[in-house]
Amino acid sequence: MLERPLLPEAADSAFFSLAEQFQAERLWAKRLLDLLLAPLLLVATFPLMLLAAVLIKLDSPGRVIYRSIRVGKNGSLFQCLKFRTMFDDAEERKREFEHLNERDGVLFKVSDDPRVTRVGRWLRKYSIDEMPQLWNVRRGEMSLVGPRASLPEECANYTQRSMRRLSVTPGITGLWQVTARQDPSFETYVRRDLEYIADWSLSLDVKILLRTIPAVLKGTGS
């Protein structure tokens with residue numbers, strides 16, 4: 001016996017239901033990849049992170065881990081973990097250097113920033129300062145690959161288009177980091193993240209992870 005054909009409304013409903021289920025399964029696969037790789041990377045990089053912690057402590061007074069409030073998926077706030085690369089009074093002194101900002105829009109960067117410690121420059125150059133974020137990945141606050149985790153003051157200046165970046169989990173690395181990290185344009189930064197969201201797949205994540213390795217070894221961080 002033939003079943004009654006679906007009405008257009010029912011067909012649309014069934015299609016979107018299947019689409020949502022497929023997307024959920026893909027996101028679970030992405031999370032599984034994070035849960036498998038993050039612990040392995042934590043173990044593999046532990047000696048380097050231990051060395052970094054000792055050097056930070058010897059180089060300047062202050063905490064080893066810097067906790068920065070960032071905006072995660074759907075606007076949730078979390079503490080992003082990084083090795084401290086600046087002197088402890090860096091935030092209080094930021095206003096002194098705002099006129100030297102080399103980025104446009106809401107981004108902030110100053111070459112040869114005097115607030116950065118000697119060890120901090122080395123940690124930034126090879127992105128070692130971002131290794132503690134593997135704990136954020138373990139906790140589900142971040143992914144290995146995704147849009148850059150934004151500061152709350154950056155989001156306050158976002159357009160509706162830019163806010164789409166908050167629809168997914170932020171990542172330690174991403175399309176912007178491996179294709180346009182030195183580009184000072186905020187528009188380029190947003191465009192790359194939106195391209196990643198539109199084209200996302202597990203294979204794209206793997207490609208970005210593989211491209212991150214030579215970028216880190218070349219010392220393109222700053």
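Keep in mind the model is a prediction, meaning the values are calculated, not measured.

## A look at the overall build of the protein
Secondary structure assignment for the protein yields eight helices and four strands. From first element to last, N terminus to C terminus, the protein shows the α and β order α-β-β-α-α-α-β-α-β-α-α-α. Looking at the 222 residues of the protein, the share that counts as buried comes to 39%. Of the contacts formed within the protein by residues at least 6 apart in sequence, a portion of 71% connects residues at least 24 apart. Carbon and sulfur atoms make up 61% of the accessible area of the protein, which amounts to about 13,100 Å² in all.

## Looking at helix 8 (residues 202–217)
With 16 residues, helix 8 should reach 22 Å at 1.5 Å per residue; the first-to-last C-alpha distance of 23 Å fits that figure. Of all the residues in helix 8, the buried ones are Leu-204, Asp-205, Ile-208, Thr-212 and Ala-215. The arc enclosing the buried residues of helix 8, seen along the axis, measures out at 95 degrees, which places them on a common side. Along helix 8, the residues that are exposed and aim more than 90 degrees away from the buried face are Lys-207, Leu-210 and Leu-217. Backbone geometry just after helix 8 places Gly-219 at a positive phi near 70 degrees.

## Comments concerning the nonpolar core
By size, the foremost hydrophobic cluster in this structure holds 25 residues, and its most contacted members are Phe-83, Leu-123, Met-142, Tyr-196 and Ile-208. Those elements giving two or more residues to this core turn out to be helix 1 (8–59), strand 2 (77–83), helix 3 (118–125), helix 4 (133–138), strand 3 (143–145), helix 6 (175–179) and helix 8. Among the elements that take part in this core, helix 1 stands out by supplying five residues, more than any other. Setting aside residues up to four positions removed in sequence, Met-142 forms contacts with Arg-31, Asp-34, Phe-78, Cys-80, Gln-133, Asn-136, Val-137, Ala-149, Thr-169, Pro-170, Gly-171 and Ile-172. In terms of nonpolar packing, the next biggest core, distinct from the first, is built from ten residues, Cys-155, Leu-166, Trp-176 and Leu-194 among them.

## Side note on the environment of Thr-169
Mapped onto the elements, Thr-169 comes out in the loop between helix 5 (152–155) and strand 4 (171–173). Taking C-alpha positions, Thr-169 is 4.7 Å from Lys-73, a pair spaced 96 residues apart along the chain. The residues contacting Thr-169, other than those within four sequence positions of it, are Lys-73, Gly-140, Glu-141, Met-142, Ser-143, Val-145, Gly-146 and Pro-147.

## Here's the deal with the pattern of salt bridges
Inspection of every chain in the model, using the stated rule, returns nine salt bridges. Residue Arg-192 is joined to Glu-195 by a salt bridge in which the shortest nitrogen-to-oxygen separation is 3.8 Å. Of this pair, Arg-192 and Glu-195 are both found in helix 7 (residues 186–199), three residues apart, which corresponds to roughly one turn of the helix. Looking at Glu-195, the relative accessible area reads 31%, which means it is partly exposed. Salt bridges sharing partners connect three or more residues here, namely Arg-63, Arg-84 and Asp-88.

What counts and how
- Residues numbered from 1 in each chain as written.
- Predicted model: local features only at pLDDT ≥ 70, side-chain atom pairs only at ≥ 80, totals over all residues.
- Heavy atoms only, no water.
- Helix = DSSP H or I, 4+ residues; strand = E, 2+ residues; numbered from the N terminus.
- Buried < 20%, exposed > 50% of the residue type's maximum accessible area, 1.4 Å probe, protein only.
- Contact = heavy atoms within 4.5 Å.
- Areas by Shrake-Rupley, 256 points an atom, 1.4 Å probe, with all protein chains shown as cover.
- Expected span 1.5 Å × (residues − 1).
- Arc of directions from axis to C-beta.
- Core = buried A, V, L, I, M, F, W, Y, C linked by side-chain atoms within 4.5 Å.
- Salt bridge = Lys/Arg side-chain N within 4 Å of Asp/Glu carboxyl O.

Any functional reading would require information beyond the geometric quantities listed.
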